[in-house]
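Each chain, letter by letter, is given below.
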Amino acid sequence: MADMTPAVSFRKVSRHFGSVRAVDGVDLDIVPGEFFAMLGPSGSGKTTCLRLIAGFEQPSSGHIEIFGERAEGVPPYRRNVNTVFQDYALFPHLNVLDNVAYGLMVKGMAKAERHRMAEEVLSLVRLPGYGGRKPGQLSGGQRQRVALARALVNRPKVLLLDEPLGALDLKLREGMQEELKALQKALGITFVFVTHDQGEALSMADRVAVFNDGRIMQVGAPEDIYQRPRSRFVADFVGSSNVLPPEFVQRWSGQARWGSLRPEAIRVQKAASGEGVAARVVSTNYLGSSTRLALDAGGLRLHASIPAGFYLPDAGEAVVLTFNREHLHVMDESA
Ligand code: ATP
């Protein structure tokens, strides 16, 4: 049977800075080999959680285990965990090969051996032959890969990535998302990835933890988080869903609870074309593959996403909205 000891577990972990509860009673198990994303707005405690795993911070209360071992008192360099920072933190005066081999040098490995291992990892991140360059002679995406190689060369069991794609432009970012995910699957290393980008978390991770105010609001597979948010916060933060008040939800489901409805689940038709929710188009926002409509349904603000090629009303027009009842997700929160 596979060993089910979590790669990382948090038990009621808090980290307070004066009166700021950066991390507030977090319970968490990260499965070995999974790609785990920590998603949340700025200041929600994601980076602090990562630093707690790395050992750069200590919990104010609670405890952390890494592969079943208590982490308290274990210094960062003995944790079998490596971090890729957002700014890459490469040494500008060292060439790429020595940057990558740095951790091995610190461990006292002989030059020939550490250079051989660094070359190997550079091939893995698709930078073979770049060893002689200085970081300043690389593109942003290449520097990002060097930073990744520098962490991977230590063969960590857990790799921590703090917004590693934050400095890249959109195109490069999308390419790197695919590469990172493929690399993670190939290596089988546990990745813990911090981001405030919903799309990035949903597309890359096996599971996502949504943070707010130092707490985890929900943990689950991307589809769970997206389709079945448990609270208004998650519905709103993960993909700008329509959050519906209990009065509205009760009319359709009989339950007086908050609900969510994805913009793409709403169909928009000309007014007087049948039953549905009467609304007026407030604005239209062309996005290429779809158009986003802001709608006013008797004081309730809704958004609908209309794929290219479908009926598109003008701003100010009266319309009727329909949706399949099963797309209306009823959340745990009641009135
Ligand atoms: P971002 O996406 O902006 O990086 P985050 O979710 O990673 O945000 P953290 O960096 O973990 O958030 O910060 C959580 C809270 O703790 C913030 O209010 C922050 O100001 C505070 N904080 C973090 N580190 C310290 C520190 N060393 N001293 C005081 N307050 C801190």
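About the thresholds
- Residues numbered from 1 in each chain as written.
- Predicted model: local features only at pLDDT ≥ 70, side-chain atom pairs only at ≥ 80, totals over all residues.
- Heavy atoms only, no water.
- Helix = DSSP H or I, 4+ residues; strand = E, 2+ residues; numbered from the N terminus.
- Areas by Shrake-Rupley, 256 points an atom, 1.4 Å probe, with all protein chains shown as cover.
- Lys, Arg positive; Asp, Glu negative; His and termini not counted.
- Charge placed at Lys NZ, Arg CZ, Asp CG, Glu CD.
- Phe/Tyr/Trp six-rings, centres within 6.5 Å; stacked < 30°, edge-to-face > 60°.
- Buried < 20%, exposed > 50% of the residue type's maximum accessible area, 1.4 Å probe, protein only.
- Domains from an automatic or database assignment.
- Contact = heavy atoms within 4.5 Å.
- Buried area = accessible area lost by both parts, 1.4 Å probe.
- Salt bridge = Lys/Arg side-chain N within 4 Å of Asp/Glu carboxyl O.
- Polar contact = N/O pair within 3.5 Å; in protein donor to acceptor, adjacent residues only side chain to side chain.
- Nonpolar A, V, L, I, M, F, W, Y, C, P; charged D, E, K, R; others polar.
- Axes fitted to C-alpha atoms, helices over the stretch in contact; angles between N-to-C directions.
- Left-handed = near helix turned anticlockwise from the far one by under 90°.
- Pairing = 2+ DSSP bridges.
- Right-handed = clockwise from strand over helix to strand, strands pointing away.
- Near = heavy atom within 4 Å.

Engineer: Please explain the overall build of the chain as it appears in this structure.
Structural biologist: What the chain contains, in helices and strands, is nine helices and 18 strands. Considering only C-alpha atoms, the chain reaches an extent of 80 × 45 × 45 Å along its principal axes. Surface summary for the chain: the accessible area is close to 16100 Å², and the carbon and sulfur share equals 50%. Averaging the locations of the 39 positively and 36 negatively charged side chains of the chain gives two centres separated by 3 Å.

Engineer: What is the right way to look at the packing of aromatic side chains in this model?
Structural biologist: When we look at a pair of aromatic rings, we describe it by the centre distance and by the angle of the planes. Tallying each qualifying case throughout the model produces seven aromatic pairs. Ring geometry for Phe35 and Phe193: centres 5.6 Å apart, planes at 50 degrees, overall tilted. Of this pair, Phe35 sits in strand S3 (residues 35–39) while Phe193 sits in strand S8 (residues 190–195); the two residues are 158 residues apart in sequence, bridging distant segments of the chain. The same class applies to Phe35 as to Phe193, namely buried. One aromatic cluster is present, formed by Phe35, Phe191 and Phe193 through successive ring pairs.

Engineer: Is there a simple way to explain the domain arrangement of the chain in this structure?
Structural biologist: The accessible area lost on association of the parts is a frequent measure of interface size. Domain annotation of the chain identifies domain 1 (8–231) and domain 2 (236–330). The distance between the C-alpha centroids of domain 1 and domain 2 comes to 38 Å. Taken together, the contact between domain 1 and domain 2 spans 12 residues of the former and seven residues of the latter. Summed over both partners, the interface of domain 1 with domain 2 buries about 830 Å², with 64% contributed by carbon and sulfur atoms. The tally of links from domain 1 across to domain 2 stands at zero salt bridges. For the pair domain 1 and domain 2, the number of links is four residue pairs in polar contact (both at pLDDT 80 or more). For the side of domain 1 that touches domain 2, the element with the highest residue contribution is helix H7 (residues 222–227), accounting for three residues. Taken together, the residues that form the side of domain 1 that touches domain 2 break down as seven nonpolar, four polar and one charged.

Engineer: Would you mind going over helix H2 (residues 96–106) with me for this structure?
Structural biologist: Because an α-helix packs 3.6 residues into every turn, residues spaced three or four apart end up facing the same way. Restricting attention to buried positions, one finds in H2 the residues Val96, Leu97, Asn99, Val100, Ala101, Gly103 and Leu104. Two to three positions downstream of the cap, the backbone nitrogen of Leu97 sits 3.2 Å from a side-chain oxygen, assigning the N-cap of H2 to Asn95. In the stretch just after H2, Gly108 is the one whose phi turns positive, near 90 degrees.

Engineer: Mind showing me how you'd approach the packing of H2 against helix H4 (residues 140–152) here?
Structural biologist: Each packed pair of helices is defined by two parameters, the angle between the axes and the distance between the axes. Where H2 contacts H4, the two axes come as close as 7 Å, and the packing angle between them is 30 degrees. Remark: the crossing between H2 and H4 carries right-handed chirality. For the pair formed by H2 and H4, the contact residues are Val96, Asn99 and Val100 on the first element and Val146, Ala149 and Arg150 on the second. For the contact of H2 with H4, the class distribution of residues is four nonpolar, one polar and one charged.

Engineer: What's the story with the sheet that holds strand S5 (residues 69–70) in this structure? I'm lost.
Structural biologist: Two strands in a sheet stick together by hydrogen bonds in their backbones, pointing the same way (parallel) or opposite ways (antiparallel). Read from one edge to the other, the open sheet built from four strands follows the order S2-S1-S4-S5, with strand pairing classed as antiparallel. Across the chains shown, the open sheet's two edge strands, defined by having one partner strand only, are strand S2 (20–30) and S5. In this structure, strand S1 (residues 8–17) lies alongside S2, joined through seven bridges in antiparallel fashion. Across the sheet, His16 pairs through a bridge with Arg21, a residue of S2.

Engineer: What is the right way to look at the pairing of strand S7 (residues 158–162) in this model?
Structural biologist: Within a regular beta strand, the side chains point alternately toward one face of the sheet and then the other, so they alternate between its two faces. Burial analysis of S7 places five of its five residues in the buried class, the great majority of the element. Burial along S7 is two-sided: the face carrying Val158, Leu160 and Asp162 and the face carrying Leu159 and Leu161 are both buried. Where strand S6 (residues 81–84) meets S7, four bridges bridge the pair, whose relative direction is parallel. If you follow Asn82 over to S7, its bridge partner there is Leu159. The sheet contact formed by S7 and S8 spans five bridges and is parallel. What sits directly across from Leu160, in S8, is Val192. The β-α-β motif built from S7, the intervening helix H5 (residues 170–187) and the parallel element S8 has right-handed crossover chirality.

Engineer: Any chance you could explain the site of the ligand here in plain terms?
Structural biologist: Neighbouring the ligand are Phe17, Val20, Ala22, Pro41, Ser42, Gly43, Ser44, Gly45, Lys46, Thr47 and Thr48. Between the ligand and the protein, one listed contact pairs an oxygen atom with a backbone N or O atom of Ser44 at 2.9 Å. The fraction of the free accessible surface of the ligand (640 Å²) that becomes covered by protein chains is 59%. Contributions of two or more residues to the shell around the ligand are made by S2 and helix H1 (46–54). Looking at which element gives the most residues to the shell around the ligand, the answer is H1, with three residues. For the shell around the ligand, a count of residues per class yields four nonpolar, six polar and one charged.

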